[in-house]
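A look at the structure
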Amino acid sequence: MESERRPRLTPAIADVRRAVRACIDELAPSTSDALLLVALSGGADSLALAAAAAFEAPRSALRAGAVIVDHGLQDDSAAVAARAAAQARELGLDPVLVRRVQVASSTDAGGPEAAARDARYAALNDAVAETGAAALLVGHTLDDQAETVLLGLARGSGGASLHGMAAASGTLRRPLLGIRRSTTRQFCVDSGLDAWDDPHNDSDLYARVRVRSRVLPVLETELGPGIAEALARTAEQLREDGDALDAMVEETIEEICEPAEAGIAVSVGALAANPAALRQRIIRHVVDSEFGVSLSRAQTLAVARLVTDWHGQKPLDLPGIRVKRDGGLIVFAAA
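Residues numbered from 1 in each chain as written. Predicted model: local features only at pLDDT ≥ 70, side-chain atom pairs only at ≥ 80, totals over all residues. Heavy atoms only, no water.

Considerations on the side chain of R21
Looking at the secondary structure, you find R21 in helix α2 (residues 11-27). Polar side-chain contacts of R21 include one of 2.7 Å to the side chain of S60. Once residues within four sequence positions are removed from consideration, R21 is found in contact with E56, R59 and S60. (Helix = DSSP H or I, 4+ residues; strand = E, 2+ residues; numbered from the N terminus. Polar contact = N/O pair within 3.5 Å; in protein donor to acceptor, adjacent residues only side chain to side chain. Contact = heavy atoms within 4.5 Å.)

Here is the structure:
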């Protein structure tokens, strides 16, 4: 009977399962019976991920559960969440948690997408804490990665935004970053799973949807196939470079900083001796770690000019901090 219900192993099923297996192997939990939670919307990506996790987790003596977040943004959102929960139970996932959230009204640059994302991840992180899960698996694909890189490029928000999404961050895991969206859809077809199509994914109100439906197809037409894969490779390479530079900053920072009144001071000589990429990372790292402030590129360059173009300029008043040059030191203090 069980063999009759088990889907035939097609290339799509094999690819998704292999990606999930690799993720589980990298986790290498210290104890058996650890829990993996899958963030499940009912869409093809997360449904394929949930089915693969349900298949692979027990083979490593792990448990797989699901958490469904109901954003309450559509009239039938509760029914969609209940349907996803029922599918999770049919797959054998346990526990299956449904969390309804309130999405704040947002007028900032992130818009409703960012507000929904913040509410979703708050609920997901609460579920991880509540259950003691070893990892939270989310269904972002290679296509999502390519869209993220293009959006970061368009916004001009620096190298970090071009890193795309990390495959692993804390308890968060993205096993499908090397899998195309078409493969997850085929997985669901081959497995007899009825995936939900989110109407928001067809709404041109959202920048990501416009990139997906208009920009990437034009690039594929004009520049040839393989654009999404190339963007994902670029993100991976830039992330490797960024991690290496961050490690160099961590190694350097303790040697060139010293306490200052209401803040911290950094050696002008040490900053001047470093190439611009490291100098500016050091500045951003100091400000973020000491004051919880993220500097824009323009603000970072203004601080850097206190090192590279010093001609007696006045202290800089930036959000939350004041920066001045005092002899051989750049002094950062709370505003």
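This is not the end of the story, as more comes after the structure.
With respect to the pairing of strand β2 (residues 63-70)
Counting buried positions over the 8 residues of β2 gives 7, a clear majority of the element. Alignment of strand β1 (residues 35-39) against β2, held across 5 bridges, turns out to be parallel. Paired with V38 across the strands is A66, a residue of β2. For the segment spanning β1, helix α3 (residues 44-56) and β2, crossover handedness is right-handed. Looking at chain direction, β2 and strand β3 (residues 96-100) are connected through 5 bridges and run parallel. Residue pairing across strands places I68 opposite V98, the latter belonging to β3. (Buried < 20%, exposed > 50% of the residue type's maximum accessible area, 1.4 Å probe, protein only. Pairing = 2+ DSSP bridges. Right-handed = clockwise from strand over helix to strand, strands pointing away.)

Observations concerning the pattern of salt bridges
By the definition in use, this model includes 18 salt bridges. Between R21 and E56 there is a salt bridge, with its nearest N and O atoms 2.9 Å apart. Separated by 35 residues along the polypeptide, R21 in helix α2 and E56 in helix α3 bring together distant segments of the chain. Neither R21 nor E56 differs from the other in exposure class; each is buried. Through salt bridges with shared partners, one network takes in D45, D144, E147, R181, R208 and R212. (Salt bridge = Lys/Arg side-chain N within 4 Å of Asp/Glu carboxyl O.)

As for the sheet that holds β2
Strand order in the open sheet made by the 6 strands is β3-β2-β1-β4-β6-β5, with mixed pairing throughout. The open sheet terminates on both sides in strands that have one partner only, identified here as β3 and β5 (168-169). One ladder, built from 2 bridges, connects strand β4 (residues 135-137) with strand β6 (residues 172-173); its direction is parallel. Across the sheet, L137 pairs through a bridge with R173, a residue of β6. Packing against the sheet, α3 makes contact with β1, β2 and β4, and its axis sits at approximately 160° to β1. (Axes fitted to C-alpha atoms, helices over the stretch in contact; angles between N-to-C directions.)

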